[in-house]
Amino acid sequence: MFALFRKAYRDVTQRRVRSLLTIGAIAIGVAGIVAIVSTAQNLTRAQADAYRHASQADITFWVWDAPPKTARALEDIPNVAAAELRNNYFTKCKWNGEYRDVNVWGLNFADTRINQIRLLDPAPKSGEFVAEISVRDLFPVQIGDAFACRARDGSTVTLTLAGFAQSPNYPSATILDWATIYANPDDVAKLLDIAGANQALLKVRDLADVRDTARDAARLLDRRGVSHGAPTIRDPQNYLGKRELDALFVLLSVFSVVGLVTSGFLVANTLAAMTAEQVGEIGIVKAIGGTRAQVIAIYLIAALLYGIAGTILGTILGALGSWRLLAYIGALLNLDSGFVVAPEGVALGAVVGIFVTLIGGLIPALSGTAIRVKDALEAYGITSTYGQGRVDRLAQKIVALPPLPAMSLRNLARRKARSLITMLVIAVAVAASLAAQSTSTSVDTAIDGLFKTYYADAWAWFDQWVGTNFASNFRAVEGVNAVEVWSFGDAWVRASTSPDTTAPLSAPVCARLWGVPANTTMYVPRLVAGRWYRADETDAVVVSTDLALERKLRVGDTLEVEISETRRDFRVVGIVIDNSIFLGSSVAGKVFVDETIVERMQDRLGWATFFALRFDAHDPATVEKRLGELQTKFKQYQMGTDSAYREVRGAKEQTRILSLALYAMSLIIGAIGALGVLNTLTLNVLERRREIGVLRSIGAADANLVQVFLTEGLALGFGGWIVGILIGYPLGQLLLNLMKAVLFQIDYIFSPQMIFASLLFALALATLASLVPALGAARLRVGQVLRYE
């Protein structure tokens, strides 16, 4: 056995370039697995630690001017572990001559038990604030900078930056596109111009009873005459960015599998070349009594050596990749993400990496050792059957091309299996590139589709109830073309009739309830089934496709909707595609109901806090100008605003990491494809050294030899591109279906421009990979190669 190992080890180490290429390809696939598992486990741990230490709120109420004693009363509710009142104000602050959107929180820094932050500098004094640390990525603030913030009454309150803080309660400012800052409660109260608080936070002891606790808290607020909104209940299984990270891990998993399969092709290609070169040695081993099993063992041991080396290198690369990826994602989510290599990832990477290489090495080992002793001892170089097959005869008939390109194409037919495997490797790289392009474009187009669904240019909201007739005040402002009263909030929904009448009723899930007028002109539903509800219908709802899929809802089903303590049954009359997304959203989908019905359910008929606005122009500059004019005109109200274009930009920012991962993984798969071309052409050069010498002796110049091998590489690239198109379309569809299951409804886009871009990718990949062996062939001298063997 030791002799077999020594023979295999010598075969591997003597072919350094070929072995390094093969080991590198295996390492890439293993690195992907190690990186995925380690990153997922570290993120889960970091998120759990951060939320545990920050004591994140389980129930959140919007309230208005709640007196301080309200917190103590809320804590007396059974199952409430802690209750706190906060002030929160979204406004514009002038910094360095520019107005910036700022979300201001009032905190008692000495006694914060819920939604805690970690101060990186001393606590701010009166008139000071600390900024969430990622604000520095949004604009270059420095300690000592002054923020002149617009107060609710139209005055200005100046606050000075005293330091920075970190919180897992909000993602990076670059994603939110606004700054989050923390000041003392009295300073925020000045901005709000109220004596009490506008937010109530509750931490519960038992999450199983959280809904009953939320109802008890709502009743208490009602008894005390405190205005409040519907409670927002935290889903402990759904943290900020979980949906996007799930999609990221799906993408990485798919590409890692693709990388490992491609690595298997390269192992098979390398060992096939090795067995072809050693046919004579195989014959000698058999002639002196060696069994076929012993010969196969030599090449399986070689495959095992490749697998072990590739796994070790891949584990190191995967750990480094996971460390950097974790740092990047941790920065986006404001997490302290300490890194630990996951043993499960290392074990899985080792098992898969070695298994793939053994499978890849088994096929050429079996086929190569099946040759008879007589045939093996008489074999010399290229098989004597060349020119007898259909492909060979077809290649020999190529006369339309100049001699050198024609010879290059014929040369590929001399090693059919090797050329075919190389084309498949390139095809996989092309398919990965096409899948990355189509998936990224499809996601961006789906987000852009928001403009086709929401015709509103902006939204305005208030922290206190105003009459629905306030819409006429908006309409009176120059540049405002249309206004509608909308509402949105969380609701609990469940199907109260099931398509399978024998099945039990489904458990309720949290959904986003939108109150939109039946005759709206600012929401254009993309219906996939049914219709939009009518103004004369009191029991009709329209649901989004994601909610319909999760709850198995169809048109005609009955849906129970619960807001606070009000429950009603509705009929599903339509299903719509709604692609609007929110980072870390825990809702299962959307439910659309006529706005007046929502008002009745919340016992606030004739009152509103949320308005949809459409302006005379829709470009970002005009939208921001109009919003500024509205805030100036209604400065006596605490009015918040947001624009549709900013939501779209924010959604694209949230999915940016997915696009980066797509293109990064396609480049890695492309690198494996380039290794395949490099490996094949290097073998071709080594096998045809005597032919190169003959060409040299009859006057072939360096350029001629370069042309021969570059043409071979380009032919492999073009053939791989053809096959890659056939693979790329279904691969892109698979990726999109996987992402749709995690994210939202996405229409598949596969355009001619992508096919053309993939052709350029394949030819560039083949050209770059062909240069090294082509230039190596050009450097060979006549005397050197004719003395070969």
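These numbers come from a predicted model, not from an experiment. (Residues numbered from 1 in each chain as written. Predicted model: local features only at pLDDT ≥ 70, side-chain atom pairs only at ≥ 80, totals over all residues. Heavy atoms only, no water.)

## Details of the pairing of strand β1 (residues 59-66)
In summary, the side chains of a regular strand alternate between the two faces of the sheet.
Phase 1: As paired elements, β1 and strand β11 (residues 232-233) share 2 bridges and run antiparallel to each other. Looking across to β11, one finds that T60 is bridged to T232.
Phase 2: Sheet topology places β1 next to strand β9 (residues 197-204); 5 bridges connect them, and they run antiparallel. Of the residues in β9, the one forming a bridge with W62 is Q199.
Phase 3: Taken together, the 2 bridges between β1 and strand β10 (residues 227-228) define a ladder with antiparallel strand orientation. Its bridge partner lying in β10, W64 is registered against S227. (Pairing = 2+ DSSP bridges. Helix = DSSP H or I, 4+ residues; strand = E, 2+ residues; numbered from the N terminus.)

## Some details on a nonpolar patch on the surface
Phase 1: Together, L304, I308, I312, L313, I316, L317, L320, W323 and L358 make up a nonpolar patch on the protein surface, roughly 760 Å² of accessible area in all.
Phase 2: Per element, the largest residue contribution to the nonpolar patch is 8 residues, and it comes from helix α10 (residues 292-333).
Phase 3: Considering the arrangement of structural elements, one finds L358 in helix α11 (residues 343-369).
Phase 4: For L358, a relative accessible area of 30% corresponds to the partly exposed category. (Patch = residues over 30% accessible without salt bridge, like charges linked within 9 Å, V, L, I, M, F, W, Y side chains within 5 Å. Areas by Shrake-Rupley, 256 points an atom, 1.4 Å probe, with all protein chains shown as cover. Salt bridge = Lys/Arg side-chain N within 4 Å of Asp/Glu carboxyl O. Buried < 20%, exposed > 50% of the residue type's maximum accessible area, 1.4 Å probe, protein only.)

## Describing helix α7 (residues 210-223)
Note on helix geometry: an α-helix contains 3.6 residues per turn, so any two residues three or four positions apart are oriented the same way.
Phase 1: Its 14 residues give α7 an end-to-end C-alpha distance of 20 Å, which sits within 8% of 20 Å, the value for a rise of 1.5 Å per residue.
Phase 2: Along α7, the residues classified as buried are V210, T213, A214, R215, A217, A218, L220 and L221.
Phase 3: At the C-terminal side of α7, G225 shows a positive phi close to 75°. (Expected span 1.5 Å × (residues − 1).)

## Here's the deal with the packing of aromatic side chains
Phase 1: Taken as a whole and judged by the stated rule, the model has 29 aromatic pairs.
Phase 2: Ring geometry for Y454 versus W514: centroids 6.1 Å apart, planes at 55°, classification tilted. Linking Y454 in the loop between α16 (450-453) and β12 (458-467) with W514 in strand β14 (residues 509-515), this pair joins segments that are 60 residues apart in sequence. There is no split in this pair, since Y454 and W514 are both buried.
Phase 3: Between the aromatic rings of F470 and F611, the centroid separation amounts to 6.2 Å while the plane-to-plane angle is 45°, which identifies the pairing as tilted. Of this pair, F470 sits in the loop between β12 and α17 (471-475) while F611 sits in strand β20 (residues 607-615), placing them 141 residues apart in sequence. Residue F470 shares its accessibility class with F611, and that shared class is buried.
Phase 4: Linked through ring pairs, Y454, W459, W486, F488, W514, Y523, W532, Y533, F592 and F610 together constitute an aromatic cluster.
Phase 5: Over the face of the ring belonging to W323 we find R324, whose NZ or CZ atom lies 5.2 Å from the ring centre. (Phe/Tyr/Trp six-rings, centres within 6.5 Å; stacked < 30°, edge-to-face > 60°. Lys NZ or Arg CZ within 6 Å of the ring centre and 35° of its normal.)

## Observations concerning the state of the cysteines
Phase 1: Summed over all chains, the structure comprises 1 disulfide.
Phase 2: The side chain of C93 participates in a disulfide bridge whose partner is C149; the two sulfur atoms lie 2.1 Å from each other. With the S-S bond torsion at 105°, the cross-link from C93 to C149 turns out right-handed. Note that C93 is positioned in strand β2 (residues 80-95) and C149 in strand β6 (residues 146-150), a separation of 56 residues in sequence.
Phase 3: Among the residues examined, C93 registers a relative accessible area of 0% and is labelled buried. (Disulfide = S-S within 2.5 Å.)

## Looking at unusual backbone geometry
Phase 1: In this structure, N79 is a non-glycine residue whose phi angle is positive, near 80°.
Phase 2: For N79, the position within the fold is in the loop between α3 (69-75) and β2.
Phase 3: Exposure remark for N79: the relative accessible area of 14% places this residue in the buried category.
Phase 4: Backbone geometry places D603, a non-glycine residue, at a positive phi of 55°.

## With respect to the confidence of the model for the protein
Residues shown with low pLDDT carry predicted positions that ought not to be read at fine detail.
Phase 1: Residue-level pLDDT values for the protein average 78, and 77% of them are 70 or greater.
Phase 2: Per-residue pLDDT stays below 50 along residues 380-386; that stretch engages in 11 contacts with residues further than four places along the chain or on separate chains.
Phase 3: Low pLDDT (under 50) marks residues 499-503, which in the prediction has 4 contacts with non-local residues, meaning those over four places away or in another chain. (pLDDT = per-residue confidence, 0-100. Contact = heavy atoms within 4.5 Å.)

## Concerning the side chain of E560
Phase 1: Assignment of secondary structure puts E560 in strand β17 (residues 558-563).
Phase 2: Ignoring anything within four residues of it in the chain, the contact list for E560 reads W492, V493, R494, S496, R567, R568 and D569.

## Section: the environment of M639
Phase 1: Of note, M639 is situated in strand β21 (residues 639-643).
Phase 2: Apart from residues lying up to four places away in sequence, M639 is in contact with A460, W461, F462, F474, L630 and Q631.

## Topic: the pattern of salt bridges
Phase 1: Per the counting criterion, the structure on display carries 23 salt bridges.
Phase 2: Here R494 and E560 are joined by a salt bridge, their closest N and O atoms 3.4 Å apart. Separated by 66 residues along the polypeptide, R494 in strand β13 (residues 480-495) and E560 in strand β17 bring together distant segments of the chain.
Phase 3: By relative accessible area, which is 16% here, E560 ends up buried.
Phase 4: When salt bridges that share partners are traced, they join R531, R534, D536, E537, D539 and R571 into one network.

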